[in-house]
Amino acid sequence: MAVTVTKNPSTLRLRFDLGRDDVTGKTKIKSKSYSNVDPDALDDDVYAVGSVISSLQSHTLLELSKIDNNTLSE
């Protein structure tokens, strides 16, 4: 049987560097997620939007991710 893939809305996740923790010395990271991203949106377009959003933040961008969500059925 063939598996049917249904694309659900994706998520754009931005991870920011908030500096070092004074006690542990580890890097503090904050994530911001934006849901309901069109699953057919081109990766370049999602990256461009994420870059613009991150430029409005005071912290350094560590990672920009597009998280796809698919439903599989028979």
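This write-up is about the structure you can find in this document. Residue positions are given per chain, counting from 1 as you read along its sequence in written order. Restriction of local features to residues with pLDDT of at least 70 applies here, the model being predicted, together with a cutoff of 80 or more for giving and counting side-chain atom pairs; totals for whole chains, interfaces and linings are based on all residues. Where side-chain values are given, they derive from all heavy atoms of the structure, hydrogens and water being excluded.

## Things to note about the sheet that holds strand 3 (residues 60-73)
Each pair of strands is called paired provided DSSP finds at least two bridges between the two strands. Only DSSP runs of H or I with at least four residues qualify as helices, and only runs of E with at least two residues qualify as strands; both kinds are numbered from the N terminus onward. An order of 2-1-3 is seen for the 3 strands of this open sheet, with the pairing classed as antiparallel. Strand pairing shows two members of the sheet lacking a second neighbour, strand 2 (27-37) and strand 3, which therefore form its edges. Recorded for the sheet is a direction-independent mean angle of 25 degrees between the axes of neighbouring strands. Where strand 1 (residues 4-20) meets strand 2, 8 bridges bridge the pair, whose relative direction is antiparallel. Across the sheet, R20 pairs through a bridge with T27, a residue of strand 2. Between N-to-C directions, angles span 0 to 180 degrees; the directions come from axes that are lines fitted to C-alpha atoms, helices contributing only their stretch in contact.

## Some remarks on the nonpolar core
Each nonpolar core is a collection of buried residues, namely Ala, Val, Leu, Ile, Met, Phe, Trp, Tyr and Cys, held together in the definition by side-chain atoms within 4.5 Å. Buried means the residue's accessible area, taken with a 1.4 Å probe over protein chains only, is under 20% of the maximum for its type, while exposed means over 50%, and partly exposed covers the values in between. Within the largest apolar cluster, 6 residues are counted, these being L12, L14, F16, V37, V46 and I53. Contributing elements (two or more residues each) for this core: strand 1 and helix 1 (43-55). Considering each element in turn, this core owes the most residues, 3 residues, to strand 1. Ignoring sequence-local partners within four residues, the contact set of I53 consists of L12, L14 and Y34. Contacts are residue-level and defined by heavy atoms, with any inter-residue pair within 4.5 Å sufficient.

## A look at the pattern of salt bridges
Salt bridge, as applied in this entry: a Lys or Arg side-chain nitrogen positioned within 4 Å of an Asp or Glu carboxyl oxygen. Summed over all chains, the structure comprises 5 salt bridges. Between E63 and R13 there is a salt bridge, with its nearest N and O atoms 3.5 Å apart. Taken together, the positions of E63 in strand 3 and R13 in strand 1 put the pair 50 residues apart, joining distant regions of the chain. In this structure E63 comes out as partly exposed when scored by relative accessible area, which is 30%.

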